[in-house]
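Survey of secondary and tertiary structure
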Amino acid sequence: MKVNLFTALLSATLFIAGCSSEAPKDHSKGVYMLIDTSGTYTKELTKAQQVINYTLAKLKANDTFVVASINTGSFSEKNIIAKMTLDDRPSKANQQKRLFKESMDAYVKKVKSSPYTDISGGILQATEYLNEKGHGAKTIFIFSDLKEELKKGYKRDIPFELNGFSVVALNVTKLHSDNVDPRKYMDRMEMWRAKTEENGGTWLVINDLEHLEKILKR
Amino acid sequence: MQLPSYMIFVEGSPALSLVIWFVIGSVVLYLMRAPAHQAIRAGSALLYRMLRLTSRSILVTKDRVKVRNTEVLLSNAREANEHMIEREFDRIESSVKKDLAGYPAMQHKIAQTITHVDETYQSSGEIPPTPPGWVEAIEPITKIKSDGDSMVETILAGIKNGLEKGQDKALNLYRKNSKKRHDILKGMAPQWRTLQKDLNVVDGRIKNVLERSKHIDHQMNEYETLLKDQDKAKLSLSSSSITQFFIAGFVLIIAIGGAMINFNLIARPMQEMVGGSDYIMNFRVSDVAALVIILVEVSMGLFLMESLRITRLFPVIGALNDKVRIRMVIVSFVFLFLLASIEAGLAFMRELLSQDEAAMLSSLSGTASAHLESSGAWITTASQMGMGFVLPFALTFIAIPLESFIHSFRTVFGVVIVAALHFLAYLSRFAGSFFLGFGKMLINIYDLLIFFPLWIESKVQGKELYQIMPVIKAPKNITTQNKEKDSEG
């Protein structure tokens, strides 16, 4: 009888949990990666490929991964290079990952550098996209030197909506001017940190790509 | 430290004001001494009584639980003993049914053999050869003296020869007949052996029945001892239950380990069936599904064991008639077999997924190897499939330790509850004594604060100070009651 009781309790618990009015916790993750394609930074794209591959390996079912370029005007769907939401089934998800990798490889081969760097536009596009997807955890990777250069006429003094977002700056390389005056580098980093945190997001800089694991850990 | 303004009696001299307050306080406390003592005494006595009463109640409950534990223990043991005896009778019944069913045929066979042996024996009877009649007739002729007459000698020699020839012929005939009889007797040997074999079989079966009856005698003796000498039985049963509890617990832990391996084997491929992104109470649905499959297997195993009457967790199944019970055995076995096959399939899929993922990770890391599949990969696949198929059947045997665990758990739980109640009763008594002592201490502190008025009182009455101090005793009724209880105990 005790065994029956146990089975009944388990079923009841699962049933109650299934019928619970409380919204279930969303375990899925959305990752939006912005790749700087301006100037000489295109040389760093092989590193970006490593990050993409690493991220692909770590993503699980129902997670979304988008890679978009940062160029003159980044606030556009056209900047999205590849996007996918992983299938429930592992076999299908593996296929999706393979296709994603192939499309990224193809992009890296034919990429052209852009004269301007619209990072803010990219972040706006990323927040819009990930908010629409509504994942439990939202991460924006910015693979850039964080030096924003806007084309004349582009307005980017718009507040971001970064509540629930983690913004991770990857491979922030030092420019020649940074070497001359390191305060420029520090000021640039501080500006982005402040901008992110003021808008409700969390800010992190990872230059050693081996530390990426803790970000992608659920 | 400064005194509040309303407490200052003499401006600029708080110390004096403090002394005045102390004197006033002492006087007030002195005047209140009797009712204050009374209140403290009553309070501590109330707490003391309450806690002693609680302790008594707990002890009474403990005694009841102890009695109930004994009842349950003895009842379980009686039930187990009855079950054993019942089983033995069942075995004897089936043995008698099986063995004695062939007895008429065997008896007929033995009777036939005996008749045949008897007939053979009769036919092998020795018939003495008839002595030739003419021997007596020629006896007088042999007595005739020859006196050298050659004629007579010739006749006598002829008679002798004839006699010797007749004897040889008779002897040969006798020998021939004897050989024939020996051959007949020799032909009886296999029949004797068959007879002996049949009798040995009968002997073995009877011995088996006798052995079983001895076992029943032993069980019956145990049962009688259980009914007569309950204290002794209780002690041995209690220790046996605790041993059973630990042994069964140990085996269950091993079984849980097996179930965990089983779970890991099927949880991942289950994502292919139910998806890997849905959650119930923070648990992935695929994990829950894998767990449910394992639990269903365990349940099927329980039903199988129950239907086979190996365990007795569900009296309803045990009480079913044999036909329905056997159907249930078949149904639960078929379900178990199907689930085991599904698990084997899932284990195979797990291997495929692992290989696919390994290939994908290799391509992502840029080290895509041309030779991903090693020559021994099939061993892993076969092992996983084998484990997936065998583990559900192995888990079936959980039913046996589970039954022992549940039965012995009742006893062990009872023992733990009794110990806990005993400890609670002790704590309650301890707290009661503490509050009584605390009351005494409060009264003494109270008197310490008013030592000055008390000293004056002792001087006025011409007594020593300790003579006017109160003597506090434990509330009489409770102490007396406890003493009575202790003396009864």
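Residues numbered from 1 in each chain as written. Chains lettered and ligands numbered in written order. Predicted model: local features only at pLDDT ≥ 70, side-chain atom pairs only at ≥ 80, totals over all residues.

Some remarks on the overall build of chain B
Threshold: Under the scheme used here, helices are H or I runs from DSSP no shorter than 4 residues and strands are E runs no shorter than 2 residues, and both carry numbers assigned from the N terminus. It is the C-beta atoms, placed from the backbone, that decide contacts: two residues are in contact if theirs lie within 7 Å.
Scanning chain B from N- to C-terminus turns up 13 helices and 2 strands. Within chain B, contacts between residues at least 6 apart in sequence are counted, and of these 77% link residues at least 24 apart.

Some remarks on the overall build of chain A
As a reminder of what qualifies: Each residue is classified by how many other C-beta atoms fall within 10 Å of its C-beta atom, where C-beta atoms are placed from the backbone; a count of 20 or more means buried, 12 or fewer means exposed, and values in between mean partly exposed.
A count of helical and extended segments in chain A gives 7 helices and 6 strands. The order of helices and strands in chain A, counted from the N terminus, is α-β-α-β-β-α-α-β-β-α-α-β-α. Relative to its full complement of 218 residues, chain A shows a buried share of 33%. A fraction of 81% describes how many contacts in chain A between residues 6 or more apart in sequence connect residues 24 or more apart.

Describing the nonpolar core
What counts is decided by this rule: For this entry, the nonpolar core is defined as buried Ala, Val, Leu, Ile, Met, Phe, Trp, Tyr and Cys residues connected by C-beta atoms within 7 Å.
In terms of nonpolar packing, the biggest core is built from 40 residues, with Tyr32(A), Met33(A), Leu34(A), Ile140(A), Phe141(A), Ile142(A) and Phe143(A) touching the most fellow members. In this structure Phe143(A) touches Met33(A), Leu34(A), Ile35(A), Asp36(A), Ala48(A), Val51(A), Leu170(A) and Asn171(A), once residues within four positions along its chain are discounted. If you look at the next biggest cluster of nonpolar residues, it comprises 30 residues, including Leu336(B), Ala340(B), Leu346(B) and Met385(B).

So, the environment of Ser354(B)
Mapped onto the fold, Ser354(B) is located in helix α9 (residues 322-365). Looking at Ser354(B), the number of C-beta atoms within 10 Å reads 17, which means it is partly exposed.

Details of the confidence of the model for chain A
This is how the line gets drawn: Known as pLDDT, the predictor's confidence for each residue is given on a scale from 0 to 100.
Confidence in the prediction for chain A averages 83 pLDDT; 86% of positions are at 70 or higher. Overall, residues 1-7 of chain A carries pLDDT values under 50, and its contacts beyond four positions in sequence, including any with other chains, amount to 5 contacts.

So, the confidence of the model for chain B
Residues with a pLDDT of 70 or more make up 91% of chain B, whose mean pLDDT is 83. Per-element confidence in chain B is highest for helix α7 (residues 285-307) of chain B, whose mean pLDDT is 92, and lowest for helix α13 (residues 476-488) of chain B, whose mean pLDDT is 52.

Digging into the sheet that holds strand β5 (residues 165-170) of chain A
Residue and element names in this part refer to chain A. So the rule is basically this: Two strands make a pair as long as DSSP finds a minimum of two bridges between them. Axis definition: a line fit to C-alpha positions, over the contact stretch in the case of helices; interaxial angles, taken between N-to-C directions, run 0 to 180 degrees.
The sheet built from 6 strands is open, its strands ordered β3-β2-β1-β4-β5-β6 with mixed pairing. Pairing within the sheet leaves two strands with one partner each, and these edge strands are β3 (80-85) and β6 (202-206). Neighbour-to-neighbour, the strand axes of the sheet open up by a mean angle of 15°, direction not taken into account. Pairing between strand β2 (residues 64-70) and β3: 5 bridges, direction antiparallel. Counterpart to Phe65 in the pairing with β3 is Met84.

Focus on the interface of chain A and chain B
Rules: Gly is placed with the polar residues, together with every amino acid not listed as nonpolar (Ala, Val, Leu, Ile, Met, Phe, Trp, Tyr, Cys and Pro) or charged (Asp, Glu, Lys and Arg).
Opposite the 24 residues of chain A that make contact, chain B presents 23 residues. Those elements that provide at least two residues to the side of chain A that touches chain B are α1 (2-19), α2 (45-58) and α3 (90-110) of chain A. For the side of chain A that touches chain B, the per-class residue count stands at 8 nonpolar, 8 polar and 8 charged.

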